[in-house]
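Coordinate analysis (summary)
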Protein chains: 2
Amino acid sequence: MQKKVPIPAIISLDTIESVLPEIAVFNAISQGFQAYSKGEAVIPPVGEMLFQQPPGEVHIKYGYLKSAPYYVVKIASGFYQNPSLGLPSSQGLNLLFDKQNGLLVAILLDEGRLTDIRTAVAGALASKALASTQVRRLGIVGAGIQARLQTAYHQHFFSLEEVIVWNRDMAKAEQLVLELQAKGQAARCTDSLSVLCERCQLIVTTTPATSPLIQADWVQAGTHITAVGADTSAKAELDPKLMEKADVLVVDSLAQSESRGEIYQAAEAGFVDRDTVLELGQVLAAPALGRKNEQQITIADLTGVAVQDLMISQAIFDHIKLSNLSLIHI
Amino acid sequence: MQKKVPIPAIISLDTIESVLPEIAVFNAISQGFQAYSKGEAVIPPVGEMLFQQPPGEVHIKYGYLKSAPYYVVKIASGFYQNPSLGLPSSQGLNLLFDKQNGLLVAILLDEGRLTDIRTAVAGALASKALASTQVRRLGIVGAGIQARLQTAYHQHFFSLEEVIVWNRDMAKAEQLVLELQAKGQAARCTDSLSVLCERCQLIVTTTPATSPLIQADWVQAGTHITAVGADTSAKAELDPKLMEKADVLVVDSLAQSESRGEIYQAAEAGFVDRDTVLELGQVLAAPALGRKNEQQITIADLTGVAVQDLMISQAIFDHIKLSNLSLIHI
């Protein structure tokens, strides 16, 4: 006699947004990276699909921790013409399955939001682990969703006297500056990336650029850069020579850095010795592996790892299960 | 001002089962294979994930037709100890997304059922395209879900005087025979695969075997075999020499046959010249490419292609949209 398969929990974006403030996302994702770098996760290669008309891309990230009850499949898309239609460019969802039997346990209808958030959380974790504690000014390259979220999540760890925004389209940079000021954050924009690099020793790059924006000789001693924009083989925001100039190079996934991200491009061009590159989970577990002094240049190149999707989805689902079962269904 | 993203249609297995009889699945999937073989589809490599305790596997298949409105992501798992827990070994779901903007359009909570059905539909289409029209006896290797569904979908195209079932566990073969007889289908089982091959000139293999079950010299002139069990690099049901002996070799996907299925194994062992292998969509579009006479041995090696998942999911969703909007939500 076969059992009836239980209907999965279906969790709306509103529910996700309402519980997110109660989730210890930094801790969950830091633990995930550390487990991943210790070999405690199974994370197959990223699935990727491209579209032409209109241009778009889909990433499918999936995997599990050997010690955790679920496997995750996360689908996230970027359709960069969406904002002109009044829609966010990011879309997608997270699925949790029972890894004992394959049953679908939860559908998180996050519309790409959890991908955006776990990316910002990882960026802030990387900057906290690697940037100088003296940093008081944040340079943000780009003026989209990640520019906003990276700023917000960096504010958890850094007392920012000023945020400086550069964007190819200056009107959007000005808009972001107004938003930050409205929230009480001193901010201004610049049309010169070299000025941004001169003024900021903490820089987060968030664009889908396919040729480098930041030149090696603009970057000052003591700077940390977290680069989250380049997540495919074709994208790059940093001059490959900057990777050679850097003292500490960190990636979220050594495996993924063999085919995507800044380090991939720089290694292909011969500017990086892969053996010197660290994984973020290693640095989070042993901070002494990171910055050694106030003069070093450090770079974190993040392409996004399924273990982040697993940790944030699991934390939200577990929280909903424990706190209020009535939240589970739409 | 951003638009509210619409909640996707969430379609339960009960709803799917209730509309399936009204869906022209053979036509939909045949059209899908033909479009795929004409280069009108974008189907990236299959994502795969394995589990150890308990043993299980997950396949993620995804893609789109250039001319169709949706992209599909299908997650299907096989946990072969599930039946001992009262659960089907197959689990999973299908997701349809709008390929203009990435919005999630429909969640088909099919619990692996649509994967099972589109596999059986493809098997029957392949057998119809390649088997002798004289065939009156079907040999079924295996006694699980696919053994049942392949028999049922083959009955659409073949007037079967008898079904002969072989299975490693004879008790399960006997159970299947009783079920078929109860539905008015003459059937019996055998503990000898060579006898099955001698008696049946239409054979469907449905097992997860990892070493060949059917030996080359057992197979008679005029036989057609549809092999659906081997869908990874490690699985095989047919003697590689049988591929050399066959006159016509057909796969559902030439690209996937480079890394999975019977043809993969036989080509690696040097028994198959890849240049002679046809794709099912080619044969469906031009049946003269298939069997030339009643003496030829033909083999269809099916590993399962995302275009099948797309076509069956789209057909179900379109049918529900047109027929009764109230069916859309659970």
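Residues numbered from 1 in each chain as written. Chains lettered and ligands numbered in written order. Predicted model: local features only at pLDDT ≥ 70, side-chain atom pairs only at ≥ 80, totals over all residues.

With respect to the overall build of chain A
Test applied: Starting at the N terminus, helices and strands are each numbered in turn, a helix being any DSSP run of H or I of at least four residues and a strand any DSSP run of E of at least two. Whether a residue is buried, exposed or partly exposed follows from its count of other C-beta atoms within 10 Å of its own C-beta, namely 20 or more, 12 or fewer, or something in between, respectively; the C-beta atoms are built from the backbone. By definition, residue pairs are in contact when their C-beta atoms, positioned from the backbone, come within 7 Å.
What chain A contains, in helices and strands, is 10 helices and 15 strands. Overall, the C-alpha framework of chain A stretches about 70 × 45 × 40 Å when taken along its three principal axes. For chain A, the residues scored as buried account for 54% of the 330 residues in total. For chain A, the share of sequence-separated contacts (at least 6 apart) that also reach a separation of at least 24 residues comes to 68%.

A look at the sheet that holds strand 10 (residues 187-189) of chain B
Residues and elements named next belong to chain B. Under the convention used in this document: Here, a strand pair is defined by DSSP locating no fewer than two bridges between the strands. Angular values range over 0 to 180 degrees, each being the angle between N-to-C directions of two axes fitted as lines to C-alpha atoms, with helices fitted over their stretch in contact.
Here 8 strands make up an open sheet; going across it, the order is 10-9-8-11-12-15-13-14 and the pairing parallel. A strand with exactly one partner marks an edge of an open sheet, and here the two such strands are strand 10 and strand 14 (278-279). Direction of pairing for strand 9 (residues 162-166) relative to strand 10: parallel, over a ladder of 3 bridges. Bridging from a neighbouring strand, Val163 pairs with Ala187 of strand 10. In the packing of helix 3 (residues 113-130) onto the sheet, contacts are made with strand 11 (202-205), strand 12 (224-227), strand 13 (248-251) and strand 15 (298-301), and the angle to strand 12 comes to roughly 160 degrees. Across the sheet, helix 5 (residues 170-182) lies against strand 9 and strand 10, angled at about 175 degrees from strand 10, the strand it touches most.

Some words on the pairing of strand 12 of chain B
Residues and elements named next belong to chain B. On strand 12, burial covers both faces: His224 and Thr226 on one face and Ile225 and Ala227 on the other are all buried. Looking at chain direction, strand 11 and strand 12 are connected through 4 bridges and run parallel. Looking across to strand 12, one finds that Val204 is bridged to Thr226. The sheet contact formed by strand 12 and strand 15 spans 4 bridges and is parallel. Bridging from a neighbouring strand, Ala227 pairs with Asp301 of strand 15.

Focus on the sheet that holds strand 10 (residues 187-189) of chain A
For sheets, the rule is that strands pair by backbone hydrogen bonds, running either parallel or antiparallel. All names here are of chain A. Pairing is parallel across the open sheet formed by 8 strands, whose spatial order is 10-9-8-11-12-15-13-14. Two strands in the sheet have a free side with no partner beyond their single neighbour: strand 10 and strand 14 (278-279). Where strand 13 (residues 248-251) lies against strand 14, 2 bridges are found, and the strand directions are parallel. Note on strand 14: the bridge partner recorded for Val251 is Glu279. Sheet strands touched by helix 4 (residues 145-154): strand 8 (137-141), strand 9 (162-166) and strand 11 (202-205). Its angle to strand 8, the strand with the most contacts, is close to 160 degrees. Against the sheet, helix 5 (residues 170-182) makes contact with strand 9 and strand 10, and its axis sits at roughly 175 degrees relative to strand 10, the strand it touches most.

Description of the relation of the copies chain B and chain A
Both copies of the chain are related through a single rotation about an axis accompanied by a shift along the same axis. For the record, the criterion: A residue counts toward the fit only if its pLDDT is at least 70 in both copies, and the copies are then superposed by least squares on the C-alpha atoms of those residues.
Least-squares fitting of chain B to chain A yields an RMSD of 0.0 Å, with the superposition described by an axial translation of 0.0 Å and a rotation of 180 degrees. Taken together, the rotation and translation relating the two chain copies correspond to the operation of a two-fold axis. Scanning chain B for the C-alpha nearest the rotation axis identifies Gly47 of chain B, at a separation of 3.3 Å. Interface overlap between copies is the fraction of interface residues in one copy that are interface residues in the other; for chain B against chain A it reaches 100%, indicating a shared surface.

Here's the deal with the interface of chain B and chain A
This is how the line gets drawn: All amino acids are sorted into three groups, where Ala, Val, Leu, Ile, Met, Phe, Trp, Tyr, Cys and Pro are nonpolar, Asp, Glu, Lys and Arg are charged, and the leftover types, Gly among them, are polar.
Chain B puts 38 residues into the contact, and the matching count from chain A is 38 residues. Secondary-structure elements contributing two or more residues to the side of chain B that touches chain A are strand 3 (47-51), strand 4 (56-65), strand 5 (70-78), strand 6 (90-98) and strand 7 (104-108) of chain B. Of all the elements, strand 4 of chain B adds the most residues to the side of chain B that touches chain A, at 5 residues. Looking at the side of chain B that touches chain A, its residues break down into 23 nonpolar, 11 polar and 4 charged.

Observations concerning the domain arrangement of chain A
Residue and element names in this part refer to chain A. What counts here: Residue ranges assigned to the domains are those given by an automatic or database domain assignment.
Partitioning chain A into domains gives domain 1 (9-114 + 307-327) and domain 2 (129-304). Put simply, the middle of domain 1 and the middle of domain 2, counted by C-alpha atoms, are 24 Å apart. Each partner contributes to the interface: domain 1 provides 12 residues, whereas domain 2 provides 12 residues. Its residues assigned to classes, the side of domain 1 that touches domain 2 shows 5 nonpolar, 5 polar and 2 charged.

Concerning the pairing of strand 7 (residues 104-108) of chain A
Residue and element names in this part refer to chain A. A large share of strand 7 lies buried, amounting to 4 of its 5 residues. Where strand 1 (residues 9-11) lies against strand 7, 3 bridges are found, and the strand directions are parallel. Bridging from a neighbouring strand, Ile10 pairs with Ile107 of strand 7. Bridging between strand 6 (residues 90-98) and strand 7 involves 4 bridges; their strand directions are antiparallel. For Leu95, the partnering residue across the bridge sits in strand 7 and is Ile107. Between strand 6 and the antiparallel strand that follows it, strand 7, lie 5 residues; Gly102 among them carries a positive phi value of about 80 degrees.

Notes on helix 2 (residues 25-37) of chain A
Residue and element names in this part refer to chain A. Cut-off, in case you're wondering: The length a helix should cover is 1.5 Å for every residue beyond the first.
Relative to the 18 Å expected for 13 residues at 1.5 Å per residue, helix 2 spans 18 Å between its end C-alpha atoms, a close match to the ideal helical length. Tucked inside the fold, the buried residues of helix 2 contact strand 2 (41-42), strand 4 (56-65), helix 3 (113-130), strand 14, helix 9 (280-285) and helix 10 (306-323). Of the residues flanking the end of helix 2, it is Gly39, one or two places downstream, whose phi is positive at about 80 degrees.

Here's the deal with unusual backbone geometry
Note that the residue after Gln53 of chain A, namely Pro54 of chain A, is joined by a cis bond; omega there is -5 degrees. Within the secondary structure layout, Pro54 of chain A lies in the loop between strand 3 (47-51) and strand 4. In this model, Glu111 of chain B sits at a positive phi of 55 degrees, which is unusual for a non-glycine residue. Mapped onto the elements of the fold, Glu111 of chain B is located in the loop between strand 7 and helix 3. Residue classification places Glu111 of chain B among the buried positions, given that 23 C-beta atoms sit within 10 Å.

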